[in-house]
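Each chain is listed here by its residues.
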Amino acid sequence: MINFIRTIDPLFQQLTQPLQPLLLLFSRVWVAIAFFKSGLIKYNSWDSTLYLFEYEYQVPVLPWLWAAYSGTALELIVPVFLVLGLFSRPMAALLFGFNIIAVVSYPALWPQGFYDHQLWGMMLLVTLFWGAGKLSLDHWLNQGQAHHYPLK
């Protein structure tokens, strides 16, 4: 049994290793699309957005108007960074926190949308812990830095 595991695991690692950048890109783009679409809906129906933030959402700490503006801006700006793979880890952390606040602030979301938020949270954690991968500006910029300023 142990010999089988020692044989099969490296084989699967060799098969999956080249696909890791695609998986990391897929995760970033999937989450970015979901949040960007949400931001567009908020922006395009601004009166409804203001109503929801004032009367429905229970955003902690921030006044409802600040929450409406900052939440909408975050949903429109941060996904662009994620897709590009620029500042990926900080942007994933920011969106992960925003995702938690969205779930906490709107209990009516739980019956139908909680699964989606769990999935997005997991995809954001993948980006946070493993980075954006080779298909990102972060990787490209770090490659250039490594040649000119090696780490000691």
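Residues numbered from 1 in each chain as written. Predicted model: local features only at pLDDT ≥ 70, side-chain atom pairs only at ≥ 80, totals over all residues. Heavy atoms only, no water.

### A word on the packing of helix α2 (residues 20–44) against helix α6 (residues 110–130)
Consideration 1: α6 packs onto α2 with a crossing angle of 135 degrees between their chain directions and a minimal axis gap of 9 Å. Taken together, the axes of α2 and α6 lie oblique to each other. By crossing handedness, the relation of α2 to α6 is classed as left-handed. Of the residues in α6, those touching α2 at L24, F26, S27, R28, W30, V31, A34 and F35 are L119, W120, M123, L124, V126, T127 and W130.
Consideration 2: Here the contact of α2 with α6 is built from residues that sort into 12 nonpolar, 2 polar and 1 charged. (Axes fitted to C-alpha atoms, helices over the stretch in contact; angles between N-to-C directions. Helix = DSSP H or I, 4+ residues; strand = E, 2+ residues; numbered from the N terminus. Parallel < 35°, antiparallel > 145°, perpendicular 65-115°, else oblique. Left-handed = near helix turned anticlockwise from the far one by under 90°. Contact = heavy atoms within 4.5 Å. Nonpolar A, V, L, I, M, F, W, Y, C, P; charged D, E, K, R; others polar.)

### Some words on the UniProt feature "transmembrane region" (unreviewed entry) in the protein chain
Consideration 1: Sites flagged by UniProt as "transmembrane region" (unreviewed entry) map to residues 21–41, 61–87, 94–113 and 119–137.
Consideration 2: For residues 119–137, helix accounts for 68% and strand for 0%, while the C-alpha atoms at its two ends are 24 Å apart. (UniProt positions renumbered as here; feature names shortened; annotations may be inferred.)

### Concerning unusual backbone geometry
Consideration 1: Phi at V61 takes a positive value of approximately 75 degrees, unusual for a residue other than glycine.
Consideration 2: Along the chain, V61 falls in the loop between α3 (46–56) and α4 (64–84).
Consideration 3: With phi around 55 degrees, F87 is a residue other than glycine that occupies positive phi space.
Consideration 4: Relative accessible area serves as the criterion here: at 48%, F87 is assigned to the partly exposed category. (Buried < 20%, exposed > 50% of the residue type's maximum accessible area, 1.4 Å probe, protein only.)

### A word on a nonpolar patch on the surface
Consideration 1: Residues F36, L40, V80, L84, L137, W140 and L141 make up a contiguous nonpolar surface patch of roughly 610 Å² in combined accessible area.
Consideration 2: The leading source of residues in the nonpolar patch is helix α7 (residues 137–148), at 3 residues.
Consideration 3: Its place among the elements puts F36 in helix α2.
Consideration 4: Relative accessible area serves as the criterion here: at 30%, F36 is assigned to the partly exposed category. (Patch = residues over 30% accessible without salt bridge, like charges linked within 9 Å, V, L, I, M, F, W, Y side chains within 5 Å. Areas by Shrake-Rupley, 256 points an atom, 1.4 Å probe, with all protein chains shown as cover. Salt bridge = Lys/Arg side-chain N within 4 Å of Asp/Glu carboxyl O.)

### Overview of the packing of aromatic side chains
Consideration 1: As enumerated under the stated definition, the model contains 9 aromatic pairs in all.
Consideration 2: A centroid spacing of 4.7 Å and a plane angle of 85 degrees characterise the contact between F53 and Y57, whose relative ring orientation is edge-to-face. Each member of the pair, F53 together with Y57, is buried.
Consideration 3: Their ring planes at 45 degrees and their centres at 6.2 Å tell us that F81 and F87 sit as a pair that is tilted.
Consideration 4: Connected via pairs of aromatic rings, a cluster forms that spans F35, F98 and W120. (Phe/Tyr/Trp six-rings, centres within 6.5 Å; stacked < 30°, edge-to-face > 60°.)

### So, the nonpolar core
Consideration 1: Core analysis: the largest hydrophobic core is formed by 13 residues, its most contacted members being V31, F35, L82, L95 and L124.
Consideration 2: The element that contributes the greatest number of residues to this core is helix α5 (residues 88–105), accounting for 4 residues.
Consideration 3: Not counting residues up to four positions away in its chain, the partners in contact with V31 are L82, L95, W120, M123 and L124.
Consideration 4: Formed by 5 residues, the second largest nonpolar core is a distinct cluster that contains L50, F53, Y57 and A68. (Core = buried A, V, L, I, M, F, W, Y, C linked by side-chain atoms within 4.5 Å.)

### Structural notes on α6
Consideration 1: Helix length check: α6, at 21 residues, gives a terminal C-alpha distance of 28 Å against a target of 30 Å (1.5 Å per residue), a fit within 8%.
Consideration 2: When α6 is considered as a whole, its buried residues turn out to be G113, H117, W120, G121, M123, L124, V126 and T127.
Consideration 3: The elements touched by buried residues of α6 are α2, α4 and α5.
Consideration 4: Looking one or two residues past α6, G131 carries a phi angle of roughly 85 degrees, positive in sign. (Expected span 1.5 Å × (residues − 1).)

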